[in-house]
Amino acid sequence: MNPPPSEHSHTPEKAPPMTRRNMFLFGAGAALNAIGVAMLAIPLVGFVFSSFFRKTISSDWITLGKIDDFPLEQTRLTIYRNPFTRPWDGETADIPCYVRHLPGDKFQIFAVNCTHLGCPVRWFEESELFMCPCHGGVYYSDGSRASGPPPRGLFKYRAKVENGLVQIKGGYLPTLSNPTEEDRT
Ligand code: FES
């Protein structure tokens with residue numbers, strides 16, 4: 001014999017039938033979720049896989065100008081465009097460097113960053129010195145250290161002349177752990 005139904009027992013309610021309006025709202029919600037996931041996933045996937053399609057750093061010589069653009073035995077501040085940038089990098093992709101024209105159409109190209117803590121150094125034509133405004137570091141015209149806290153001379157980029165054009169190995173920032181051949185000379 002079945003026990004009598006208690007006062008507090010509930011019979012399960014039936015789910016309301018799916019109306020066309022409910023189906024439309026369900027579909028719209030699912031579509032919005034899918035769009036949201038795609039908007040998050042596409043940049044993420046692009047970031048992860050972009051490194052596979054980047055050019056290698058060793059293949060980029062960038063022209064800074066003609067030999068005559070750099071007067072003999074003088075130092076000029078110039079800018080090159082970092083080859084490893086995206087269109088939205090704007091002016092942050094413009095890298096300044098100092099170019100010194102030596103006899104025999106040889107060139108030295110210096111990184112502008114002080115080797116102490118990285119402040120940009122300035123070239124003073126009159127005294128023929130690079131000076132750092134942050135802590136008074138001073139460098140001679142050949143980039144070697146003259147005085148102050150910098151532990152060494154300015155870093156030098158790789159440079160060459162081809163078909164009358166001065167070229168820099170762009171996208172390669174020399175550092176203490178990653179010096180160029182020019183840094184060892
Ligand atoms: S950063 Fe140039 S001397 Fe300190």
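Quick caveat, the model's predicted, so the values are computed rather than measured.

### Quick notes on the overall build of the protein chain
Phase 1 of the analysis: When its secondary structure is counted, the protein chain shows two helices and 11 strands.
Phase 2 of the analysis: Secondary structure of the protein chain in N-to-C order comes out as α-β-β-β-β-β-β-β-β-β-β-β-α.
Phase 3 of the analysis: For the protein chain, the proportion of its 185 residues judged to be buried stands at 28%.
Phase 4 of the analysis: Sequence-distant contacts, at least 24 apart, represent 49% of the contacts inside the protein chain between residues at least 6 apart.
Phase 5 of the analysis: Summed over all atoms, the accessible surface of the protein chain reaches about 13000 Å², with 61% contributed by carbon and sulfur.

### So, the sheet that holds strand β9 (residues 156-157)
Sheets are built from strands that pair by backbone hydrogen bonding, the pairs being arranged parallel or antiparallel.
Phase 1 of the analysis: On the basis of which strands lie adjacent, the open sheet formed by four strands has the order β2-β3-β4-β9 and antiparallel pairing. In the strand order of this sheet, the two ends are held by β2 (75-81) and β9, each with one partner.

### With respect to the nonpolar core
Phase 1 of the analysis: Leu64, Tyr80, Cys97, Val99, Ile109, Tyr157 and Ile168 are the most contacted members of the largest nonpolar core, which totals 15 residues.
Phase 2 of the analysis: Elements that contribute at least two residues to this core include exactly β1 (61-66), β3 (94-102), β4 (106-111) and β11 (165-169).
Phase 3 of the analysis: Among all residues touching Ile168, those that are not within four sequence positions of it are Asp60, Trp61, Ile62, Leu64, Tyr80, Cys97, Ile109, Tyr157 and Arg158.
Phase 4 of the analysis: Membership of the second largest hydrophobic core comes to 11 residues, among which are Tyr98, Phe110, Val121 and Phe130.

### So, the environment of Val138
Phase 1 of the analysis: Take Val138: it is sitting in strand β7 (residues 138-140).
Phase 2 of the analysis: Classification of Val138 as buried rests on a relative accessible area of 13%.
Phase 3 of the analysis: C-alpha separation for the pair Val138 and Val121, spaced 17 residues apart in sequence, amounts to 8.6 Å.

### Observations concerning the pattern of salt bridges
Phase 1 of the analysis: Tallying each qualifying case throughout the model produces three salt bridges.
Phase 2 of the analysis: Between Arg81 and Asp94 there is a salt bridge, and its shortest N-O distance comes to 2.9 Å. Of this pair, Arg81 sits in strand β2 while Asp94 is found in strand β3, placing the two residues 13 residues apart along the sequence.
Phase 3 of the analysis: The partly exposed category is assigned to Asp94, whose relative accessible area is 31%.
Phase 4 of the analysis: Of the charged contacts in the structure, one is a salt bridge between Arg100 and Glu128, with a shortest N-O distance of 3.9 Å. Of this pair, Arg100 sits in strand β3 while Glu128 sits in the loop between β5 (122-124) and β6 (129-131), placing them 28 residues apart in sequence.
Phase 5 of the analysis: Accessibility expressed as a relative area gives 7% for Arg100, which makes it buried.

Cut-off values and rules
Residues numbered from 1 in each chain as written. Predicted model: local features only at pLDDT ≥ 70, side-chain atom pairs only at ≥ 80, totals over all residues. Heavy atoms only, no water. Helix = DSSP H or I, 4+ residues; strand = E, 2+ residues; numbered from the N terminus. Buried < 20%, exposed > 50% of the residue type's maximum accessible area, 1.4 Å probe, protein only. Contact = heavy atoms within 4.5 Å. Areas by Shrake-Rupley, 256 points an atom, 1.4 Å probe, with all protein chains shown as cover. Pairing = 2+ DSSP bridges. Core = buried A, V, L, I, M, F, W, Y, C linked by side-chain atoms within 4.5 Å. Salt bridge = Lys/Arg side-chain N within 4 Å of Asp/Glu carboxyl O.

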